[in-house]
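# A look at the structure
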Amino acid sequence: MIKVAVNGYGTIGKRVADAVSAQPDMEIVGVSKTRPSAEAVIAGKRGYPLYIADISKKADFESAGIAIAGSVEEMIQAADIVVDATPGGIGAKNRELYEKYGKMAIWQGGEAHDVAGFSFSSSCNFDDAKGRTFARVVSCNTTGLCRIIKLADDAFGVEKVRATMVRRGADPGDSKRGPVDAIVLNPVTIPSHHGPDLQTVLPEIDIVTTALVVPTTFMHMHILQMDLKETGDRDKILEMIKNHSRIGLIKGFTGIKSTAGLKEYASDLGRPRSDLWESCVFEDSVSIVDDKELYLFQAIHQEADVVVENVDCIRAMAGDDITAAESIALTDRSLNFEAI
Ligand SMILES: NC(=O)C1=CN([C@@H]2O[C@H](COP(=O)(O)OP(=O)(O)OC[C@H]3O[C@@H](n4cnc5c(N)ncnc54)[C@H](OP(=O)(O)O)[C@@H]3O)[C@@H](O)[C@H]2O)C=CC1
Ligand SMILES: O=C(OP(=O)(O)O)[C@H](O)COP(=O)(O)O
């Protein structure tokens, strides 16, 4: 069993912990919080040993009736590998702790590529993670870009990509962030970080991305255009999407044309937390113009798509020598996840 610690039990960390627990070859040895909170209570109910970053806060947890297993340093020592899901910028500061105890670590997209020197996407570079001590799973939007661009590149070759990310303003449980009534250019400069981030995984792709933020909480929406090297074939692309375990195809007959519709669908499917681990490509949007221009819309559930990627990354770094396809299949099967 691969012993996994999740440092930072928040939006991403709590999902990674549940996904790891569902795997037959992994176990959670601890999760961490900085302060007593509802999520700390849930960690206890799930049976995850709870560790705290600042052990001097132990009394705060105990007076709230929350049992503490020890300090984050103790948690790291108990693990084979640490998934760092602390807020962006904090993870990089934790690197010296992982080095101190000689532990493997995986960071999230809020950290720069340099934190690990290697950025990961299950569909693109699973084998390159093998034997590494450190890796970073690219951000939710970049994960969505990696999946579909790799698929198109494998089928027709991708000459260049131009994409706009319409980003959610805050996660559903986050009442502190906005915007409430604005469309914010984020960033106002071009490109956004997503293009250069994608190139940390697929360096040969010519890509320019732009991004803005709107007052919604569930999912980002991508407007994607790719110039193909060879003449595109819509039916072939749709077939490849149908066969891709991490890309779902939203059929026209469903009537789903929005993130709201997807939220309802995920909920009706009985997905935990309404999570959509797959990218959601709208079938009716998939279009070939002038033979070689491919257009599509895809929605990306920001809280979910990177979760399954973290599980694969753990397996690539700390598990038996298996292929990407085998790991992806095992991860998904263990979660009862079949792309829509
Ligand atoms: N949310 C999203 O949509 C996505 C986020 N990411 C990336 O994932 C990472 C985590 O983001 P997210 O889950 O949203 O963040 P959250 O703020 O939801 O969760 C972060 C967690 O880290 C804990 N924490 C804070 N400081 C420390 C510390 N020093 N040691 C241990 N734990 C700490 C917090 O605990 P406490 O509350 O007790 O302080 C909190 O539970 C970021 O890099 C982000 O960019 C990637 C894809 C999507
Ligand atoms: O990784 C994410 O977005 P990103 O791919 O746009 O960086 C998550 O949605 C977190 O984004 P945030 O930095 O707006 O919290």
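Residues numbered from 1 in each chain as written. Chains lettered and ligands numbered in written order. Predicted model: local features only at pLDDT ≥ 70, side-chain atom pairs only at ≥ 80, totals over all residues. Heavy atoms only, no water.

## Details of the environment of G30
The residue G30 is located in strand β2 (residues 26–33) in this model. Counting along the chain gives 107 residues from G30 to V137, while the straight-line C-alpha distance between them is 20 Å. Those residues in contact with G30 that lie beyond four places of it in its chain are V4, A5, V6, P49, Y51 and M75. (Helix = DSSP H or I, 4+ residues; strand = E, 2+ residues; numbered from the N terminus. Contact = heavy atoms within 4.5 Å.)

## Considerations on the pairing of β2
Both faces of the sheet carry side chains from a regular strand, because those side chains alternate between them. Counting buried positions along β2 yields seven of eight residues, so the element is predominantly enclosed. Bridge count for strand β1 (residues 2–7) against β2 is five bridges, and the pairing is parallel. Looking across to β2, one finds that I2 is bridged to M26. In terms of strand pairing, β2 meets strand β3 (residues 50–52) through three bridges, oriented parallel. Counterpart to S32 in the pairing with β3 is Y51. In this view, the connection linking β2 to its parallel neighbour β3 by way of helix α2 (residues 38–46) has right-handed handedness. (Buried < 20%, exposed > 50% of the residue type's maximum accessible area, 1.4 Å probe, protein only. Pairing = 2+ DSSP bridges. Right-handed = clockwise from strand over helix to strand, strands pointing away.)

## Notes on the site of ligand 1
Within the structure, ligand 1 sits among 23 residues, and T11, I12, K33, T34 and D171 are positioned closest to it. Residue T34 places a side-chain N or O atom 2.5 Å away from an oxygen atom belonging to ligand 1. When residues of the shell around ligand 1 are traced back to their parent elements, those giving at least two are α1 (11–21) and β2. Of the residues assigned to the shell around ligand 1, the class counts are seven nonpolar, 11 polar and five charged. (Near = heavy atom within 4 Å. Polar contact = N/O pair within 3.5 Å; in protein donor to acceptor, adjacent residues only side chain to side chain. Nonpolar A, V, L, I, M, F, W, Y, C, P; charged D, E, K, R; others polar.)

## Remarks on the UniProt feature "binding site: D-glyceraldehyde 3-phosphate" (unreviewed entry) in the protein
Residues annotated in UniProt with the feature "binding site: D-glyceraldehyde 3-phosphate" (unreviewed entry) correspond here to S139, C140, N141, H194 and G195. Spatially, the listed residues are clustered: although they cover 57 residues, their C-alpha atoms lie within 12.8 Å of one another. The topology assignment puts N141 in helix α7 (residues 140–156). You can call N141 buried: its relative accessible area is 1%. In contact with N141, not counting residues within four places along its chain, are M165, R167, H194, H220, H222 and I300. (UniProt positions renumbered as here; feature names shortened; annotations may be inferred.)

## Some thoughts on the confidence of the model for the protein
Across the protein, pLDDT averages 98, with 100% of residues at or above 70. Confidence metrics for the complex model read pTM 0.98 and ipTM 0.97. (pLDDT = per-residue confidence, 0-100.)

## What to know about the sheet that holds strand β8 (residues 134–137)
Pairing is parallel across the open sheet formed by eight strands, whose spatial order is β4-β3-β2-β1-β5-β6-β8-β7. This sheet does not close on itself; its edge strands, each paired only once, are β4 (70–71) and β7 (119–120). Lying over the sheet, α1 contacts β1, β2 and β5 (81–84), oriented at roughly 160° with respect to β2. (Axes fitted to C-alpha atoms, helices over the stretch in contact; angles between N-to-C directions.)

## Details of the site of ligand 2
Around ligand 2 sit S139, C140, N141, R167, R168, R177, H193, H194, H220 and Q302, and those are all the residues in its vicinity. The backbone of C140 places a nitrogen or oxygen atom 3.4 Å from an oxygen atom of ligand 2. R167 is positioned with one of its side-chain polar atoms (N or O) 2.8 Å from an oxygen atom of ligand 2. About the coverage of ligand 2: the protein hides 74% of its 390 Å² of free accessible area. Residue assignment for the shell around ligand 2 shows that the elements contributing at least two residues are α7 and β9 (158–168). (Areas by Shrake-Rupley, 256 points an atom, 1.4 Å probe, with all protein chains shown as cover.)

## Quick notes on the domain arrangement of the protein
Once the domains are mapped, the protein shows domain 1 (2–138 + 305–334) and domain 2 (140–300). On a C-alpha basis, the centroid separation for the pair domain 1 and domain 2 is 26 Å. Facing the 24 residues of domain 1 at the interface are 20 residues of domain 2. Of the roughly 1800 Å² buried at the junction of domain 1 and domain 2 (both faces included), carbon and sulfur atoms supply 50%. Together, C124, V138 and D305 form the three largest contributors to the area buried by domain 1 at its contact with domain 2, with a combined 34%. On the surface where domain 1 and domain 2 come into contact, there are seven salt bridges. The salt bridge involving E309 is made with R246; its shortest N-O contact spans 3.4 Å. (Domains from an automatic or database assignment. Buried area = accessible area lost by both parts, 1.4 Å probe. Salt bridge = Lys/Arg side-chain N within 4 Å of Asp/Glu carboxyl O.)

## A closer look at the packing of aromatic side chains
In total, this model carries five aromatic pairs according to the counting rule given. Aromatic side chains Y9 and Y48 sit 6.1 Å apart centroid to centroid with 75° between the ring planes, which places their arrangement in the edge-to-face category. On the criterion of sequence distance, the pair formed by Y9 in the loop between β1 and α1 and Y48 in the loop between α2 and β3 is long-range, its members being 39 residues apart. A single burial state applies to Y9 and to Y48, both of which are buried. Three or more aromatic residues joined by ring pairs form one cluster here, namely Y98, W107 and F134. In this arrangement the basic side chain of K236 is found over the ring face of F156, its NZ or CZ atom lying 5.1 Å from the centre. (Phe/Tyr/Trp six-rings, centres within 6.5 Å; stacked < 30°, edge-to-face > 60°. Lys NZ or Arg CZ within 6 Å of the ring centre and 35° of its normal.)

## What to know about the UniProt feature "binding site: NAD(+)" (unreviewed entry) in the protein
With numbering aligned to this structure, UniProt lists the feature "binding site: NAD(+)" (unreviewed entry) at T11, I12, G110, R168 and Q302. By secondary structure assignment, the location of T11 is in helix α1. We classify T11 as partly exposed; its relative accessible area is 27%. Apart from residues lying up to four places away in sequence, T11 is in contact with E39, D171 and E303.

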